[in-house]
Amino acid sequence: KGRLQKILKNATNKLYKSIPVGAFVTALIQSSSLVSVITISFISAGLINLSGGLGLIFGANLGTTATAWLVAAFGLKIKISALAMPMLVFGIIFSFQKRNSLKGLGNVLAGLGFFFLGIHYMKEGFDVFKEYIDLTEYAVSGFMGIIIYCFLGIVITTILQSSSATLALILTALAAGQIEYENALALSIGANIGTTITAILGSLSSNVAGKRLAGGHLVFNVITGIVALILIHPLTYLVEDLSNILGIRAADYTLKLALFHTIFNLMGVLIMIPLIKLLEKGLLRVFKEKEGRDIDEPKFLNDSILEFPTSAISALMKESKYLYENAIFEIVTHALNVHRE
């Protein structure tokens, strides 16, 4: 077994391990969508089981809140472009090095540099844009406004294929005073639901195991989003109380949005943990293995596992074993001219 397979097996055999691992990896690479695609690839190759994969997805939702805190606490409070340029310079230099560790560090620095630079230009763009058009004039209050902006958040995230990018956009618009605080909360809920589209698209070329995980991701995010929409006003009051305790200023709506985003994602995980076995049974019932599979039809090999070398090698080994166990008898009997008929 490869090193990555051993790490994943050890990290996902228990729910209390897989959730923190998913959160840590997502916070590190700043993309829950990428973690979802990787997890689908690994579960398709049989590297991890469904329960472990669901744990990673739950954790990824928690880890994606790190983006909101990063943007709200640093990206909008200091002149972030001053940090972005050195990161880009050193990132590009390191990325051309031969050592994999330096190359990896270079990619991380370059990614963060572009991310911070993007926030800087988005903030400047909204400030200039406000001189000509004030988007707050189009704000919709009440529950209808919450529904409309939640749907808008889903659409934007579907287009951008990243809830982190959508959150950065929401936070910069909020900091520039281009959207109302309540509408921004609804947009963040919509972004959480919209991020499942990447997992769904990634599962289209995977086997039944990958489709089960994508289905679980959709169910988890939709339930979390619906609960957050229903409890949006009590959660807002909770954010206000916690802001007073944490020393967040009354007018610092970007940090309050980051806190709201963290609270409702944590709430979603706490709701779904007791229901994980029920969710697993439901997914197994809905997405069933194809019966009467032909011996020449692959079980583990599919397009999604080719994204990562470890999953591709593991799938090839499992496919070879499956072929040997299920096809060798028919191959031998045909060679001896003994047919089914």
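Before reading further, recall that the structure is shown in the block above.
Caption draft 1: Focus on the overall build of the protein chain. Check the secondary structure of the protein chain and you find 16 helices and 0 strands. Per element, the accessible surface of the protein chain, about 17700 Å² overall, is 68% carbon and sulfur.

Caption draft 2: Spotlight on the packing of aromatic side chains. All told, the structure shown has 4 aromatic pairs when counted by the stated rule. Note on Phe90 and Phe94: the rings are 6.3 Å apart at their centroids and 35° apart in plane angle, and the pair reads as tilted. Here Phe90 pairs with Phe94, and both are found in helix α6 (residues 81–95), just 4 residues apart, close to one helical turn. On the accessibility criterion, Phe90 (46% relative accessible area) is partly exposed. Judged by its relative accessible area of 24%, Phe94 is partly exposed.

Caption draft 3: Structural view of unusual backbone geometry. Positive phi, normally seen in glycine, also occurs at Asn337, with a value near 65°. Along the polypeptide, Asn337 turns up in the segment after α16 (309–335).

Caption draft 4: The arrangement of the environment of Gln97 in detail. Relative to the helices and strands, Gln97 resides in the loop between α6 and α7 (100–129). With relative accessibility at 31%, the residue Gln97 sits in the partly exposed group. Setting aside residues no more than four positions away along its own chain, Gln97 makes contact with Leu102 and Lys103.

Caption draft 5: The arrangement of helix α8 (residues 142–160) in detail. Given a rise of 1.5 Å per residue, 19 residues ought to cover 27 Å, and the 27 Å separating the end C-alpha atoms of α8 matches this to within 8%. Residues Gly145, Ile146, Tyr149, Cys150, Gly153 and Thr157 constitute the buried set of α8. Mapping the buried residues of α8 onto a view down its axis gives an arc of 130°, with all of them on the same face. Exposed positions of α8 whose direction lies more than 90 degrees from the buried face are Met144, Phe151 and Ile159. Residues of α8 that are buried sit in contact with α9 (163–175), α10 (181–194), α12 (208–230) and α13 (232–246). Just beyond α8, the residue with positive phi is Gln161, at close to 60°.

Caption draft 6: Region of the structure containing the side chain of Thr166. By secondary structure assignment, the location of Thr166 is in helix α9. For Thr166, the side chain forms a polar contact with the side chain of Thr157, separated by 3.1 Å. Excluding residues that lie within four positions of it along the chain, Thr166 makes contacts with Gly153, Ile156, Thr157, Leu160 and Ala191.

Caption draft 7: Highlighting the nonpolar core. With 35 residues, the main nonpolar core has Ile179, Ile189, Leu257, Phe260 and Phe264 as its most contacted residues. Here this core takes 8 residues from helix α14 (residues 253–272), the largest share from any one element. Listed in part, the 27 residues of the second largest apolar core include Leu56, Ile57, Phe220 and Tyr322.

Caption draft 8: Molecular detail of a nonpolar patch on the surface. Together, Tyr324, Ile328, Phe329, Ile331, Val332, Leu336 and Val338 make up an exposed nonpolar region whose accessible area comes to about 750 Å². Its relative accessible area of 56% is what places Tyr324 among the exposed residues.

Caption draft 9: Layout of the pattern of salt bridges. Using the criterion set out here, one finds 1 salt bridge in the structure. With a shortest N-O distance of 3.0 Å, Lys256 and Glu240 are connected by a salt bridge. Taken as a pair, Lys256 in helix α14 and Glu240 in helix α13 lie far apart in primary sequence, 16 residues in all. According to the relative accessible area criterion, Lys256 is buried, its value standing at 2%.

Caption draft 10: Region of the structure containing a positive patch on the surface. A surface patch of like charges, here positive, comprises Lys277, Lys281, Arg285 and Lys288. Topologically, Arg285 is positioned in helix α15 (residues 276–286). Assessed through its relative accessible area of 60%, Arg285 is described here as exposed.

Caption draft 11: Structural context of the environment of Ser314. Inspection of the secondary structure puts Ser314 in helix α16. The buried category is assigned to Ser314, whose relative accessible area is 6%. Between the C-alpha atoms of Ser314 and Leu301, which are 13 residues apart in sequence, the distance is 9.6 Å.

Quick notes on the rules
Residues numbered from 1 in each chain as written. Predicted model: local features only at pLDDT ≥ 70, side-chain atom pairs only at ≥ 80, totals over all residues. Heavy atoms only, no water. Helix = DSSP H or I, 4+ residues; strand = E, 2+ residues; numbered from the N terminus. Areas by Shrake-Rupley, 256 points an atom, 1.4 Å probe, with all protein chains shown as cover. Phe/Tyr/Trp six-rings, centres within 6.5 Å; stacked < 30°, edge-to-face > 60°. Buried < 20%, exposed > 50% of the residue type's maximum accessible area, 1.4 Å probe, protein only. Contact = heavy atoms within 4.5 Å. Expected span 1.5 Å × (residues − 1). Arc of directions from axis to C-beta. Polar contact = N/O pair within 3.5 Å; in protein donor to acceptor, adjacent residues only side chain to side chain. Core = buried A, V, L, I, M, F, W, Y, C linked by side-chain atoms within 4.5 Å. Patch = residues over 30% accessible without salt bridge, like charges linked within 9 Å, V, L, I, M, F, W, Y side chains within 5 Å. Salt bridge = Lys/Arg side-chain N within 4 Å of Asp/Glu carboxyl O. Lys, Arg positive; Asp, Glu negative; His and termini not counted. Charge placed at Lys NZ, Arg CZ, Asp CG, Glu CD.

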